[in-house]
Every structure is written in C-alpha cells, then in structure tokens.
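Coordinates in review
The chain contents come next:
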Amino acid sequence: MGKQTKTRISAKRAEALFFPIAAFLLSGGLSKVAALRSLGTAMAKAQKHVCRRVEHIGHPTHYADVVASWTHDPRFIDHDGQPRRLPFEGKYGFASLVRSVSPTLDARSVLTVLRRYGNVRATRDGYYVLARPFFFTSSRSSLAFEPLAYFLSDASATLARILTRTNGAKSPELFWRKVESTGLSAKAARDFTSFVRERSLDFLEELDDWLEAHRPKRAPANTARRRDASRRVGLGLFSIYSDPEPNLWQGRRR
C-alpha cells in the first residue's frame, strides 16, 4: 500500500454527507442562514474538542477483505473452521493471504495497521493470530480516518435514499432500527455496552457468513454483472450513550 497520504474529502462527497442533514434541518424549520451559522459553530467546536488522533490508512475494504478471507478461505482456517495461526511468509502465510485479496497490497503495511488496532497479535514463536473476526478501526488514542468516512457516508446515504425514494423505485427499501432506554445507571450502561458488543459480534458473524455464501466466486464477465459485483451491501451497527440533556429537537417556546 506504500506510504499513505492524507485523504481529501471532495466537495461532491461533502455535499452527499450534508444533503440528508440539510433536508432534516430545513424540514424542522431552521433557515439556511441559521443552519450555516450552526455548521460554523460545530466546526469550531470540533477543532477544540476532538481528542483522538485521526490516522489515514488508505482504502478500508482491503483490510476488511483480509480479515474476511482469514475467517472463510479454506487455506487459512483449521479443521474446526477457525482462523489458523499464520507465519508471515510461506505458501499459507500472512503475505500469501494478503496477495489472495490483492497482489498490489503491501503485506507489511497491512499487518502494521491490523496490529495497531488490535485485529492481529503476534505470538512469541513468530506467528500471527487473528484476534477479532471483523476489522476494528479504533484504539484508545486514535481512529482510522477512511473507515470513519465510510461509516458516515453509509449512514448519510441510507437516510438520503429514505428521503428521496419513490414508490416505483427498484432498489431495496433501506431502513434503520434502534432500541434505547432512559434511567439506567452508569454501571448498567457499561454492562449493556459489553453485552451488546458480544451479542452483536455473533449476529454480524451470521450475516458475514450469509454474504460470503452469496458472493460470486469468479469475476463477472459482462458489464451488468460487473456493476453488481462492485455494489456494496451490508449492515452497520453503532452504540448509543448520552448524558442527561434537554430535548434538543424541540424548538424554544415563546
């Protein structure tokens, strides 16, 4: 993957991110002038209060694909269906795993990123072990920029499709769901987060198996099928936690 350079967000990408937010604010009665003023205030706060370091790692799909291959490719799993310990070199080593995803990837760079965020750990005898079944992209001190950008883009695109979908649309009807409660103690909130983290991993593994089973094994030959092969389909989950606060979505009474 070579030396990473800072990823710049294009104006087109920024517009796509802001579109559903703008639609939401306008439908809530906020004027364009007030909305732009709020955006400026929010950006000023972001400059002061973002604590974690944001790092650029390149296209996130490559790392996710490496982890997925490690958990599904028969060459890299054991008789129990679990990811094997891998040496770096060798026919069934980590470098071979990375090349199976893309011959252009630099295996050392991929390994460095996966270890930095706790996805892979090294053993004392020189092997590498997959520590997490999905590509995690944050540590206590840093966040990977590109996966965060994709997360925001996916959430924004989902809302945009819901807002603009017509009755005759042929694409699948997208959705969002959530569960929440109020009044939990700080300990109960921590317990819930631990509980849902474990349960969501089981759920996501089941979905990952389904997607892997339906993925074409060979590159599509015609143009229409190549478009299908490049289409991203999946599910994203996020946790919710907020301190007691006034109702932000209710206008000030006069």
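Below: a short report on this structure.

Calculation notes
Residues numbered from 1 in each chain as written. Predicted model: local features only at pLDDT ≥ 70, side-chain atom pairs only at ≥ 80, totals over all residues. Heavy atoms only, no water. Helix = DSSP H or I, 4+ residues; strand = E, 2+ residues; numbered from the N terminus. Buried < 20%, exposed > 50% of the residue type's maximum accessible area, 1.4 Å probe, protein only. Contact = heavy atoms within 4.5 Å. Areas by Shrake-Rupley, 256 points an atom, 1.4 Å probe, with all protein chains shown as cover. Expected span 1.5 Å × (residues − 1). Bend = angle between axes of the 7 residues up to and from the residue. Phe/Tyr/Trp six-rings, centres within 6.5 Å; stacked < 30°, edge-to-face > 60°. Lys NZ or Arg CZ within 6 Å of the ring centre and 35° of its normal. Patch = residues over 30% accessible without salt bridge, like charges linked within 9 Å, V, L, I, M, F, W, Y side chains within 5 Å. Salt bridge = Lys/Arg side-chain N within 4 Å of Asp/Glu carboxyl O. Lys, Arg positive; Asp, Glu negative; His and termini not counted. Charge placed at Lys NZ, Arg CZ, Asp CG, Glu CD.

In this section: the overall build of the chain. Each helix and strand in the chain was counted, giving eight helices and four strands. Counting helices and strands in the order they occur from the N terminus, the chain gives α-α-β-α-α-α-β-β-β-α-α-α. Scored against the burial criterion, the 254 residues of the chain give a buried share of 21%. In the chain, the share of contacts with a sequence separation of at least 24, taken over all contacts with a separation of at least 6, comes to 59%. Summed over all atoms, the accessible surface of the chain reaches about 19700 Å², with 55% contributed by carbon and sulfur.

Taking 1.5 Å of rise per residue, the 17 residues of helix 1 (residues 11-27) would be expected to cover 24 Å, and the 23 Å separating its terminal C-alpha atoms lies within 8% of that figure. Along its length, helix 1 reaches its greatest deviation from straightness, about 35°, at Phe18, and the proline Pro20 lies no more than four positions downstream. A positive phi of about 95° marks Gly29, the residue just after helix 1.

A complete count under the given rule lists four aromatic pairs for this structure. Both rings, one in Phe151 and one in Phe238, keep their centres 6.4 Å apart while their planes meet at 80°; by these two values the pair is edge-to-face. Residue Phe151 is found in helix 6 (residues 145-164), and its partner Phe238 is found in the segment after helix 8 (223-230); the two are separated by 87 residues along the sequence. Put simply, the rings of Trp70, Phe88 and Phe94 pair up and form one aromatic cluster. It is Arg85 that lies over the ring of Tyr127; its NZ or CZ is 4.4 Å from the centre. The cationic tip of Arg132 hangs over the ring face of Phe136; the distance from NZ or CZ to the ring centre is 4.2 Å.

Below, the discussion takes up a negative patch on the surface. On the surface, Glu198, Asp202, Glu205, Glu206 and Asp209 cluster together to form a negatively charged patch. Within the fold, Glu206 resides in helix 7 (residues 186-214).

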